[in-house]
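# Fold and contact review
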Amino acid sequence: HWDLVNGKIISKTEITHNGRIKDFIILPNQQILISAAEDNSIHVYDLETLKLIQSLNYDISFEKLLTLNDSTKILAFSDKGNVRVFQVEPKALNFVHNAILDYGGIYDGALLNKTDQVLFVSNNYTLHYYNPISNLLEDSISLPPHYYWSVQSSFDGKKSFLSTSDGYLITIDNYTKKITSKVKYHNGALVRMVASKNGNLLATASEDYQSKLIDISKGTVIKEYRNHASWIESVALSKIGGLMSVT
């Protein structure tokens, strides 16, 4: 856990997976932390004690975890084109349904704010607009040939942000479906990013051993966090306390 103001590590906790953690999310209202790892498991932890509450094991690993607006459902995306939907219960996840999306491997997904759509990037250079409730693909955009790692929506839902393996952040207008900017922020893959709830900030995680805090409107770097011993898989902005966590 990092203090965003001082740029210092506050605490470090080991999570009990038998492989690299691919993504995690925090649900403050339910007081749980949910993580997915390359050991094909999804774990649920008590947020206060970080004790393991539930372990779900599968024959594939999941690259991305996503919560819908009301925080009652969790989507898990795999790199095999598989999406699993879970219902969030008190201190547990219950499986709802599974969807196989024949659009190539899925590397990341994000809720398109102000809509019921989910954005996800597939390895056939396409950004998809997917409705998890109806299980329908509602739109798609062809992208330049990059290896895409992460996708994020702006708070107002007007823009989408994509990251690439060579450290670029690409901005797309969700109405015109056009690329509006392309800026290089890292000297390695921009693995993950997350936008703040007020829509002003974007936190990044990279394989260049750095995470950054970016002012979205100005496109400027506010803070850089360099004290990592290896490349960073995931990043999250806390809803309270102004903390950023990385693994």
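For the structure, see preceding data.
This report concerns the structure included in the present document. Since we're looking at a predicted model, the values are computed, not measured.

### Quick word on the sheet that holds strand β3 (residues 21–27)
Spatial strand order, β3-β4-β5-β6: four strands in an open sheet with antiparallel pairing. With partners counted over all chains shown, the strands left at the sheet margins are β3 and β6 (52–57), one partner each. Strand-to-strand twist across the sheet, computed as the mean angle between neighbouring axes with direction ignored, equals 15°. Sheet analysis places strand β5 (residues 41–46) next to β6, joined by five bridges and oriented antiparallel. Along β6, the bridge assignment pairs Tyr45 with Leu52.

### Topic: the pairing of strand β21 (residues 211–215)
In terms of burial, β21 is largely enclosed, as five of its five residues are buried. Going residue by residue along β21, you find Ser211, Leu213 and Asp215 tucked away on one face and Lys212 and Ile214 tucked away on the opposite face as well. Across five bridges, the pairing between β21 and strand β22 (residues 220–225) is antiparallel. Paired with Ile214 across the strands is Val221, a residue of β22. Counted between consecutive antiparallel strands, the loop separating β21 from β22 contains four residues, among which Gly219 sits at a positive phi close to 70°.

### Looking at the sheet that holds strand β17 (residues 168–173)
Spatially, the four strands line up as an open sheet ordered β15-β16-β17-β18, and their pairing is antiparallel. Looking at strand neighbours, the two that pair on one side only are β15 (148–153) and β18 (178–184), the edges of this open sheet. For this sheet, the mean inter-axis angle between neighbouring strands, taken without regard to orientation, is 20°. Pairing of β15 with strand β16 (residues 159–164), which is carried by five bridges, proceeds in the antiparallel orientation. The partner of Val151 across the bridge, within β16, is Leu162.

### Comments concerning unusual backbone geometry
Positive phi, normally seen in glycine, also occurs at Gln31, with a value near 55°. For Gln31, the location among the structural elements is in the loop between β3 and β4 (32–37). Look at Gln31 and you get partly exposed, because its relative accessible area is 33%.

### Section: the pairing of β15
Of all six residues in β15, six are buried; the element is thus mostly enclosed. In sequence, β15 turns back onto β16 through a hairpin of five residues, with Gly157 there showing a positive phi of about 80°.

### Some points on the nonpolar core
With 16 residues, the main nonpolar core has Ile34, Ile42, Leu65, Ile74, Phe86 and Leu93 as its most contacted residues. Here the element with the most residues in this core is β4; it accounts for three residues. Residues within four places of Leu65 in sequence aside, it is in contact with Asp23, Phe24, Ile25, Ile34, Ser35, Ala36, Ile42, Leu75 and Ala76. Residues Leu127, Leu143, Leu162 and Ile172 belong to the second largest nonpolar core, which totals 13 residues.

### Describing the environment of Leu56
You can see Leu56 is positioned in strand β6. Spatially, the C-alpha atoms of Leu56 and Leu93 are 8.8 Å apart, while their sequence positions differ by 37 residues. Leave out the neighbours within four places in its chain, and Leu56 touches Asn40, Ser41, Ile42, Phe86 and Leu93.

### Re the pattern of salt bridges
Overall, the coordinates contain five salt bridges when judged by the stated rule. Two residues, Lys91 and Asp46, come together in a salt bridge whose shortest N-O distance is 3.0 Å. Residue Lys91 is found in the loop between β9 (82–89) and β10 (92–100), and its partner Asp46 is found in strand β5; the two are separated by 45 residues along the sequence. Since its relative accessible area comes to 31%, Lys91 is described here as partly exposed. A relative accessible area of 18% places Asp46 in the buried class. Lys212 is the partner of Glu224 in a salt bridge, and the nearest nitrogen-oxygen pair spans 3.9 Å. In this pair, Glu224 sits in strand β22 while Lys212 sits in strand β21, placing the two residues twelve residues apart along the sequence. Assessed through its relative accessible area of 9%, Lys212 is described here as buried.

Rules used in this analysis
- Residues numbered from 1 in each chain as written.
- Predicted model: local features only at pLDDT ≥ 70, side-chain atom pairs only at ≥ 80, totals over all residues.
- Heavy atoms only, no water.
- Pairing = 2+ DSSP bridges.
- Helix = DSSP H or I, 4+ residues; strand = E, 2+ residues; numbered from the N terminus.
- Axes fitted to C-alpha atoms, helices over the stretch in contact; angles between N-to-C directions.
- Buried < 20%, exposed > 50% of the residue type's maximum accessible area, 1.4 Å probe, protein only.
- Core = buried A, V, L, I, M, F, W, Y, C linked by side-chain atoms within 4.5 Å.
- Contact = heavy atoms within 4.5 Å.
- Salt bridge = Lys/Arg side-chain N within 4 Å of Asp/Glu carboxyl O.

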